[in-house]
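# Descriptive structure summary
What follows is the residue order along each chain.
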Amino acid sequence: MNVPTTASEDIETRPCPCGNGLPYRRCCGIYHRGEAPAPTAEALMRSRYTAFALGGLGDYLVRTWDADTIDPALTAEQLDRQEQQWLRLEILDAHENGAKATVEFKAHCRPFGAGPAVTPQVLHERSRFRRRQGLWRYIDGIIDPPPAAASRNAPCPCGSGKKAKRCCLR
């Protein structure tokens, strides 16, 4: 897979856009190049954010989307397009329970062409993931999710409709 590069700076040596401090080549680049699968749902979420931030990685985004939940009309070419300048990723919470996981994050962005004076927008999402045959896949996400319930008898924050104690808190 070709990973996009810029003329002014080699993406491979820059800090990864996911914000963990490693160079891209040793961080999300490993997953984008297919050298290894993301070991956790959070790692997959970070790599998907980075794919959106870099653009041109629509194939990766399609490949890491759960086949049961991806819109069949959605194409890699559509996902290749960069419509925002992604500025920063903030992981708020991550929980794994067996083959299910949720990752809550805020992704800060600015529309392309908007100057630095424009207030960045924030995408706040609680994403759900599923592991099948050892591979984590993105299922879906709740935009601007309500605060996660702390009670075991409350609905599970992953959105399954089950009580938390029968789902992710098991």
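### Quick word on the packing of aromatic side chains
- Taken as a whole and assessed by the stated rule, the structure comprises three aromatic pairs.
- With 6.0 Å between their ring centres and 75 degrees between their planes, Tyr49 and Trp86 make a pair best called edge-to-face. Placement of Tyr49 in helix α2 (residues 41-54) and of Trp86 in strand β1 (residues 84-97) is noted, with a sequence separation of 37 residues between them.
- What makes Tyr49 buried here is its relative accessible area of 5%.
- Seen in terms of ring centroids, Trp65 and Tyr138 are 5.1 Å apart; in terms of plane orientation they differ by 80 degrees. Their pairing is edge-to-face.

### A short note on α2
- The end-to-end C-alpha distance of α2, which contains 14 residues, comes to 20 Å, matching closely the 20 Å that a straight helix rising 1.5 Å per residue would cover.
- Most of α2 sits inside the fold, with twelve of its 14 residues counted as buried.
- Of the positions making up α2, those classed as buried are Ala41, Ala43, Leu44, Met45, Arg46, Ser47, Arg48, Tyr49, Thr50, Ala51, Ala53 and Leu54.
- Those residues of α2 hidden inside the fold are in contact with α1 (28-32), α3 (58-63), β1, β2 (100-111), β3 (121-132) and β4 (135-143).

### Topic: unusual backbone geometry
- Unusually for a residue other than glycine, Gln133 sits at a positive phi of about 50 degrees.
- Mapping Gln133 onto the fold places it in the loop between β3 and β4.
- Accessibility expressed as a relative area gives 83% for Gln133, which makes it exposed.
- The phi angle at Asp144 is positive, at roughly 45 degrees, despite the residue not being glycine.
- You can see Asp144 is positioned in the segment after β4.

Criteria and cut-off values
- Residues numbered from 1 in each chain as written.
- Predicted model: local features only at pLDDT ≥ 70, side-chain atom pairs only at ≥ 80, totals over all residues.
- Heavy atoms only, no water.
- Phe/Tyr/Trp six-rings, centres within 6.5 Å; stacked < 30°, edge-to-face > 60°.
- Helix = DSSP H or I, 4+ residues; strand = E, 2+ residues; numbered from the N terminus.
- Buried < 20%, exposed > 50% of the residue type's maximum accessible area, 1.4 Å probe, protein only.
- Expected span 1.5 Å × (residues − 1).
- Contact = heavy atoms within 4.5 Å.

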